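So you can see what is in the structure, the chains are spelled out below.
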Amino acid sequence: MDFEQSPNHARGTARVGNDQPKKAPVPVKIIVAGGFGVGKTTTVGAISEIAPLTTEAEMTAASVGIDDPGQAVTKTTTTIAMDFGVLTIDQTLKLYIFGTPGQPRFAFMWDDLIRGALGALVVVDTNRIDDCYPAVDYFERAGLPFVVGVNTFNGQMTYSLEEVRWALAVRDDVPVLSFDARFRASVRDALLVVLDQALDKAIRAKST
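Residues numbered from 1 in each chain as written. Predicted model: local features only at pLDDT ≥ 70, side-chain atom pairs only at ≥ 80, totals over all residues. Heavy atoms only, no water.

Trainee: What exactly am I supposed to notice about the nonpolar core here?
Mentor: In a soluble, globular protein the nonpolar side chains are often hidden away together inside. Membership of the largest hydrophobic core comes to 27 residues, with the highest contact counts inside it found for Ile31, Val124, Phe139, Phe146, Val148, Leu168 and Val170. Breaking this core down by element, the ones donating at least two residues are β3 (26-34), β5 (77-90), α2 (110-113), β7 (119-124), α3 (133-142), β8 (146-151) and α4 (161-168). If you tally residues by element for this core, the top one is α3, at four residues. Those residues in contact with Val148 that sit more than four places away from it in its chain are Val122, Val124, Val164, Leu168, Val170, Val174, Pro175, Val176 and Leu177. By size, the runner-up hydrophobic cluster in this structure holds 21 residues, among which are Ala46, Ile97, Leu121 and Val187. (Core = buried A, V, L, I, M, F, W, Y, C linked by side-chain atoms within 4.5 Å. Buried < 20%, exposed > 50% of the residue type's maximum accessible area, 1.4 Å probe, protein only. Helix = DSSP H or I, 4+ residues; strand = E, 2+ residues; numbered from the N terminus. Contact = heavy atoms within 4.5 Å.)

In structure tokens form, the structure reads like this:
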């Protein structure tokens, strides 16, 4: 039996034409970390293309004197496990974004959350720089590329980026930038810098 010669018809069991199955985008795991109340959940929620998964719990009287929200006086919930969001960069790359809990008592979860991650964004509140030391120290010890992102909180910064770099004692090769956790484009730009850091590390590792 003869088959019609057409680029869109089958010849026997073979497909004729240039159609190729689309490759799934490469998954990349990124961590958003920092102290309590610095804007991690806001960051994930602003950039995620799906409804972000959050594990928020109401702050109760038992947390008074333990969980200090700083300037975020209207903050009534806190992340007790993680935040999760997704961002497709293009047809080849898809980010899976995990936000860490900020309280020290949940620090034991970080080892599991960063497993398989390629980079991290450390969110900083310049009014509470001390709260970000543990995150910076953790990623330095873990050898995970990271970027320090100063959340501007309505466009205001108590200290300059150079002062933040000095205060956190981060290396010169660690980017320190400002961004607004409420706005998608601002968060996207910060995450792209994280990707650049991860790529730089991969290139260096391949050349050695």
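Trainee: What is the right way to look at the pattern of salt bridges in this model?
Mentor: If you walk through the whole model with that rule in mind, you get six salt bridges. Residue Asp131 pairs with Arg128 through a salt bridge whose shortest N-O separation is 3.0 Å. Residue classification places Asp131 among the partly exposed positions, given a relative accessible area of 33%. Measuring nitrogen to oxygen at the nearest pair gives 3.1 Å for the salt bridge that ties Arg188 to Asp189. Given the relative accessible area of 40%, Asp189 is considered partly exposed. (Salt bridge = Lys/Arg side-chain N within 4 Å of Asp/Glu carboxyl O.)

Trainee: I would appreciate a short explanation of the environment of Leu161 in the present structure.
Mentor: Examined against the element boundaries, Leu161 turns out to sit in helix α4. A relative accessible area of 27% means that Leu161 is categorised as partly exposed. Distance in space between the C-alpha atoms of Leu161 and Val176 is 6.4 Å, their sequence separation being 15 residues. Not counting residues within four places of it along the chain, the set of residues in contact with Leu161 comprises Val150, Val176, Leu177 and Ser178.

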